Amino acid sequence: MRQVIAPAAGIGGRKSTLFLLFALIAALISPAFEGSARVLADEAGAAALAVDAPATPAAGGAVTPPASRSFLAYIARALGWFWGPAFLLLSFILVALIMMNMLQVRRDILLPSQFVEEFEQKLNAKDFQGAYEFARGDESFVGRVLAAGMGRLSRGYPEAVEGMQEAGEDENMSLEHRLSYVALIGSIAPMMGLMGTVQGMISSFDKIALSAVSPKPSVLADGISTALVTTLIGLLLAI
């Protein structure tokens, strides 16, 4: 019985010690939390007063609300006469390349069913020369691969398989070569956006340098808008 009570008493003593330790830590930390809560409450009250306070009219009359404009008009104005047409042309080329690549990887182009049926018919009829001529005259992916293999069939089956593999690799490289143009645009677009960013910031700092007094924020906003919008469009095209 003593062996059972002693561990229980030890556990109870450890729990009491932990409880006292947590209470001491809470007593030390609570003033800091109360001070932070008081500061946050004061800031929230000041913000509420600022929101509820009526807008003071200007010296000349009533407060004029800001003019509304569409997002597309803002983008067109920020891009200007140079970056707008440049990004529009780049977007057109990118969409055209994507559509061309999508049309080239269709099943009807790579593996037309009509070609496969006629080719199998010639093979079943033992017309190997006719099958070779038929594959050689076809412009599909599988037609060029089969023509390359059958052209080496006289050297043996391993040579024919090797010729088909080489032709398949060449066709894959040609398909990847078309994709390289899309990757090129993906690399150019952020660089164009970065160039527009630099130009916009130079324009804003130039206005500050040439002004005898502090320029208005609306005057500097044109260059900053150009800087940010060109970066946005370049990143969108790259992504």
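Since this is a predicted model, take the numbers as computed values, not measurements.

Some words on the overall build of the protein chain
Within the protein chain, the regular secondary structure consists of 8 helices and 0 strands. Ordered by position in the sequence, the α and β elements of the protein chain form the string α-α-α-α-α-α-α-α. Within the span of the protein chain, comprising 239 residues, buried residues form 21% of the whole. The long-range fraction of contacts in the protein chain, counting pairs at least 24 apart against all pairs at least 6 apart in sequence, stands at 59%. When the accessible surface of the protein chain is summed, it comes to about 17600 Å², and 69% of that surface belongs to carbon and sulfur atoms.

Some details on a nonpolar patch on the surface
On the surface, M201, F205, I208, I224 and L228 cluster together into a nonpolar patch covering about 460 Å² of accessible area. Top contributing element to the nonpolar patch by residue count: helix α7 (residues 157-210), with 3 residues. Along the chain, the position of L228 falls in helix α8 (residues 217-238). Overall, the relative accessible area of 58% leaves L228 in the exposed class.

Quick look at α8
Taking 1.5 Å per residue, 22 residues should reach 32 Å; α8 reaches 31 Å between its end C-alpha atoms and fits that length. Maximal helix bending in α8 amounts to about 30°, located at G223. Within α8, the full set of buried residues consists of L220, G223, S225, T226, A227, V229, T230, I233, G234 and L237. Lining the buried residues of α8 we find α2 (71-104) and α7.

Describing the nonpolar core
Counting residues in hydrophobic clusters, the biggest one holds 15 residues, and the most contacted among them are L79, F87, L90, M192, V229, I233 and L237. Every element with two or more residues in this core is listed here: α2, α7 and α8. When residues of this core are assigned to their parent elements, the largest contribution, 9 residues, is made by α2. In contact with L79, not counting residues within four places along its chain, are G84, F87, V229, T230 and I233. The next biggest cluster of nonpolar side chains, apart from the first, holds 9 residues, and it includes F119, Y132, A135 and L146.

A few points about the side chain of T226
Mapping T226 onto the fold places it in helix α8. Classification of T226 as buried rests on a relative accessible area of 15%. A polar contact of 2.8 Å, which involves the side chain of T226, links it to the backbone oxygen of A78. Beyond its immediate sequence surroundings of up to four residues, T226 is in contact with A78, W83, G196 and G200.

Topic: the environment of A131
Tracing the backbone shows A131 in helix α5 (residues 128-136). Once the C-alpha coordinates of A131 and F119 are considered, the two residues, 12 residues apart in sequence, prove to be 5.8 Å apart. Setting aside residues up to four positions removed in sequence, A131 forms contacts with F119, K122, L123 and M150.

Comments concerning α2
Look at α2: only 36 Å from first C-alpha to last across 34 residues, short of the 50 Å you get at 1.5 Å a residue. Of all the bends in α2, the largest measures some 110° and sits at G80. Along α2, the residues that are buried comprise I75, A78, L79, W83, G84, A86, F87, L90, L94, L97 and N101.

Section: the packing of aromatic side chains
By the definition in use, this model includes 5 aromatic pairs. Between W81 and F82, the ring centres sit 5.9 Å apart and the planes meet at 70°, which makes this aromatic pair edge-to-face. Look at W81 and you get exposed, because its relative accessible area is 76%. A relative accessible area of 42% places F82 in the partly exposed class.

Focus: the side chain of S225
Residue placement: S225 occurs in helix α8. Within the structure, the side chain of S225 is placed 3.4 Å from the side chain of Y74, a separation counted as a polar contact. Sequence-distant contacts of S225, that is, excluding residues within four places in its chain, are made with Y74 and A78.

Quick look at the pattern of salt bridges
One pass over the full model with this rule turns up 4 salt bridges. The shortest N-O distance in the salt bridge between R77 and D222 comes to 2.9 Å. With R77 in helix α2 and D222 in helix α8, this pair connects stretches of sequence that are 145 residues apart. Among the salt bridges present, the one from E139 reaches R144, with a minimum N-O distance of 3.4 Å. When its relative accessible area of 33% is taken as the criterion, R144 is described as partly exposed.

Conventions and cut-offs
- Chains are numbered independently. Their residues run from 1 in the order of the written sequence.
- Restriction of local features to residues with pLDDT of at least 70 applies here, the model being predicted, together with a cutoff of 80 or more for giving and counting side-chain atom pairs; totals for whole chains, interfaces and linings are based on all residues.
- Side-chain descriptors were evaluated using all non-hydrogen atoms of the structure, hydrogens and water having been removed beforehand.
- Each helix corresponds to a stretch of at least 4 residues labelled H or I by DSSP, and each strand to a stretch of at least 2 residues labelled E; elements are numbered beginning at the N terminus.
- Think of it in three bands: with a 1.4 Å probe and only protein chains considered, a residue is buried below 20% of the maximum accessible area for its type, exposed above 50%, and partly exposed in between.
- What makes two residues a contact is simply this: any of their non-hydrogen atoms within 4.5 Å.
- What sets the accessible areas is the Shrake-Rupley method with a 1.4 Å probe; for residues, cover comes only from the shown protein chains.
- Each patch is built from salt-bridge-free residues with over 30% relative accessible area, joining like charges within 9 Å and nonpolar side chains (Val, Leu, Ile, Met, Phe, Trp, Tyr) within 5 Å.
- Throughout this description, the term salt bridge denotes a Lys or Arg side-chain nitrogen within 4 Å of a carboxyl oxygen of Asp or Glu.
- Expected span of a helix: the number of residues minus one, times 1.5 Å.
- We define the bend at each residue as the angle formed by axes fitted to the 7 residues ending at it and the 7 residues starting at it.
- Among buried residues, those of type Ala, Val, Leu, Ile, Met, Phe, Trp, Tyr and Cys that are joined through side-chain atoms within 4.5 Å constitute a nonpolar core.
- Here a polar contact is recorded for every N or O atom pair within 3.5 Å, except that within protein the pair must consist of a potential hydrogen donor and a potential acceptor, and residues adjacent in sequence are included only if both atoms are side-chain atoms.
- Classification of ring pairs uses Phe, Tyr and Trp, with its six-membered ring standing for Trp, and accepts pairs whose centres are within 6.5 Å; under 30 degrees between planes counts as stacked, over 60 as edge-to-face, and the remaining range as tilted.

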